[in-house]
Amino acid sequence: MIEKADQIFVLLGHWLVSFLPAALQQPALVLLAVVAIIVTFPALFAITVLLERKGLGRMQNRYGPNRVGPYGLFQPVADGIKSLTKEDIVPLSADAVVHFLAPVLLVVVVFMGYAVLPIGRNMTLVNLDAGILFFFAIGASSELSVFMAGWSSRNKYSLLGAMRAVAQMISYEVPLLMSSLAVVMITGSLNANRIVDAQNQYTYGLPHWYIFTPWGFAGFLLFAVAATAETNRSPFDLPEGESELVAGYFTEYSGFKFALFFLGEYVGMMGISGLGTTLFLGGYSAPLQVLGFVPSWAWFIGKIMLSMCVFIWVRGTLPRLRQDQLMNFAWKFVLPLSLLNLFVAAAWRFMGQGFLRWVVCSAVLLIAYVVMARVGMKREHFGPRSYRYAE
Amino acid sequence: MSFVLYILAALTVAGGLAAVLLKNTVHCALALTVAFAGLALLFLELDAQFAGFAQILIYIGAVAILVVFAILLTRGSETPKGSAYSHSPLVGLVIAACVFAVLGWAVLHSTAQLPPGTTSATPTVTVADIGNALMTRYVLPLEIVALLLTAALIGAVIVAMHEKEGSR
Amino acid sequence: MTPLSGYLLVAALLFAIGLAGALTRRNAILVLIGIELMLNAANLNLIAFWRYGPHPEALTGMMFAIFSIAVAAAEAAVGLGLVIQIHRHAQTTDLDAINRMKG
């Protein structure tokens, strides 16, 4: 029974394709999985948007949407209808082809990332040998769509926003990769399923998730920071800082194309949360052995939604950074720490079982964190900023 | 020659041609990414999964972005007013055509025979194999590449940072 | 035509396109783009020979391509840094206009 609930979507898929001739079954199964992903995550996106608007409202001491439906629950539907029926405006001087391609590319790229994530037991669309590498390779392409959007709009705000976004995404991609590399190194595989399997074991009913190790905890925090910046979320949302740049790279987008950008951003956030879940939070495995009866896919979706809540919470709490602070933070704090984390993970691997490695690894990371934070604070000079141009 | 190969080859060559022929510099860079993507797909078609993904990650994720950054920093994103080609484009074209003629002739008339039976078998190379090879047989090149990348990192920063005295 | 020669022809064509671009364009960045295309064509050759060669399990061609990709990244970074520096110095990236040996 538990097994059935866990595998319900897999069994359902096999049952559905069993009506087809044998030659078509495999492609149909893949198609079905693709459709399932394309339906599920936008639905989650709608829920997240509602959660965000409600949650932010509460944090800012107001109600949030409460007019459409009971408690404003149908707000996403109204939003969707609004953006679908709005006029699609393309600026006269814009590069129409690139302007059109940018949101499409973003959405395609963002959905492709889900192909390698294990959404549940036996629920990985393509079990690639180099799955994590695939995810990062695809994720890197989304920078290009941001640039295309900003450049093709022929708007100074758009261009500045796109430049900021691309610079930020490139800078934070390095720590993102580095912090994930520690997990890959310990597991010895780039395959997402293997990484989850390595964490899906229990001692005394407690899971072997990587977040419960010193290097894993540090890696997860670094990953979370880098992922927040990578998805242009607050407090790293300078590319769309509305007090300076109107709306950043999608200033000139309206109607359905804007909705596509919005969708791409949130689905991308969910994708990177899914990657973080897979790498550090044990993927689809239950947090306690006794909770193993809950279906695996429910855990995965639950963990993703939990990280979305953290994203919303962070957005409601922290003020936006300045551009130079952002860059300094990436290159002078996050990157060195994630490099150190790699070495700590290697030390963890070779220090054998026992108590000592916990003490040593935690101490090294903690000391490095404190020292770097102190040094960084001391070198902070508050004076007029100096600007540097290419000319 | 399969059907997929034709499509991918057409995509790659079209991207490359557009990258060279288009007038607007940013369009050229975007076309270049199409060529890179086509090449990555060709690598995947050749069962080189790791190389294909590395191609996407490095070329589309880094090199293409670097190129567009350089274009914007040098204010080259507007379509140039005059000719986009140098004084003597014909010479370059002739040289390129000659190179292609020689290469094509060599490829089509090559007498080197492949050992029979190797063309159809798919080599099973996992990422772990590549990692092992990198850490054992190819460890020296790996270290040299690491050194080169560090040197390039520092060098690029210094080259781009250098400015005339007092011109801030 | 064998698959190998198909790939080799594609690579040769791409190499020629890159060469033509590098030789005929005015903009320094577009010359770099041409050079990148040539490098990529060489990578395609390496991978194709690895796949259809007698010993694909030895990984030599694949390794060569991976190292070549890494070197190309370094080359692009330094090359574009130089272009930016040239632009800062000469206020142009037009290679026909940059014809003085003396700064």
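Structure: above.
Residues numbered from 1 in each chain as written. Chains lettered and ligands numbered in written order. Predicted model: local features only at pLDDT ≥ 70, side-chain atom pairs only at ≥ 80, totals over all residues. Heavy atoms only, no water.

Enquirer: So what exactly am I meant to see when it comes to the interface of chain C and chain B here?
Expert: You'll often see interface size given as the accessible area lost when the parts meet. Of the residues lining the interface, 66 residues belong to chain C; the matching set on chain B comes to 81 residues. Counting the surface lost from both chain C and chain B, the interface buries some 6500 Å², and carbon and sulfur atoms represent 79% of this. On the chain C side of the contact with chain B, Arg 25, Arg 51 and Phe 67 of chain C bury the most area, a combined 10% of that side's loss. Residue Arg 51 of chain C is joined to Asp 47 of chain B by a salt bridge in which the shortest nitrogen-to-oxygen separation is 2.6 Å. Between the two partners, chain C and chain B, sit 5 residue pairs in polar contact (both at pLDDT 80 or more). Looking at the side of chain C that touches chain B, the elements with two or more residues in it are helix H1 (3-24), helix H2 (28-52) and helix H3 (60-90) of chain C. Of all the elements, H3 of chain C adds the most residues to the side of chain C that touches chain B, at 22 residues. (Contact = heavy atoms within 4.5 Å. Buried area = accessible area lost by both parts, 1.4 Å probe. Salt bridge = Lys/Arg side-chain N within 4 Å of Asp/Glu carboxyl O. Polar contact = N/O pair within 3.5 Å; in protein donor to acceptor, adjacent residues only side chain to side chain. Helix = DSSP H or I, 4+ residues; strand = E, 2+ residues; numbered from the N terminus.)

Enquirer: Whenever I open this one, empty space enclosed by the protein confuses me. Can you help?
Expert: A probe matching the size of a water molecule, rolled over the atoms, marks out where space remains unfilled. Residue and element names in this part refer to chain A. Tallying each qualifying case throughout the model produces 1 cavity of 30 Å³ or more. Approximately 370 Å³ is the volume attributed to the largest cavity. Lining the largest cavity are 27 residues, and of these Val 110, Gly 139, Ser 142, Thr 231 and Gly 268 sit closest to its centre. Elements that contribute at least two residues to the lining of the largest cavity include exactly helix H5 (96-112), helix H6 (131-152), helix H7 (156-187) and helix H11 (255-280). Ranked by the residues each element gives to the lining of the largest cavity, the list is headed by H11, at 8 residues. Looking at side-chain class alone, the lining of the largest cavity contains 16 nonpolar, 8 polar and 3 charged residues. (1 Å grid on protein atoms, 1.4 Å probe; cavity = no way out; pocket = protein on both sides within 12 Å on 5 of 7 lines; lining within 4 Å. Points joined across faces, edges and corners; volume = space filled by probe spheres on them. Nonpolar A, V, L, I, M, F, W, Y, C, P; charged D, E, K, R; others polar.)

Enquirer: It is not clear to me how the nonpolar core should be interpreted in this structure. Could you clarify?
Expert: A general feature of soluble globular proteins is that nonpolar side chains tend to end up buried together. One finds Phe 41 and Trp 215 of chain A together with Leu 44, Ile 47 and Met 62 of chain C to be the most contacted residues of the largest nonpolar core, which totals 164 residues. With 15 residues, helix H3 (residues 49-73) of chain B is the single largest residue contributor to this core. Lining this core are residues from two domains, each supplying at least three of them: domain 1 (1-79) and domain 2 (126-168) of chain B. When residues no more than four places from it in sequence are discounted, the contact partners of Leu 44 of chain C are Leu 39, Leu 42, Phe 43 and Leu 46 of chain B together with Tyr 7, Val 10 and Ala 11 of chain C. Of all hydrophobic cores here, the second largest spans 5 residues; its members include Leu 222, Val 334, Leu 337 and Ala 368 of chain A. (Core = buried A, V, L, I, M, F, W, Y, C linked by side-chain atoms within 4.5 Å. Buried < 20%, exposed > 50% of the residue type's maximum accessible area, 1.4 Å probe, protein only. Domains from an automatic or database assignment.)

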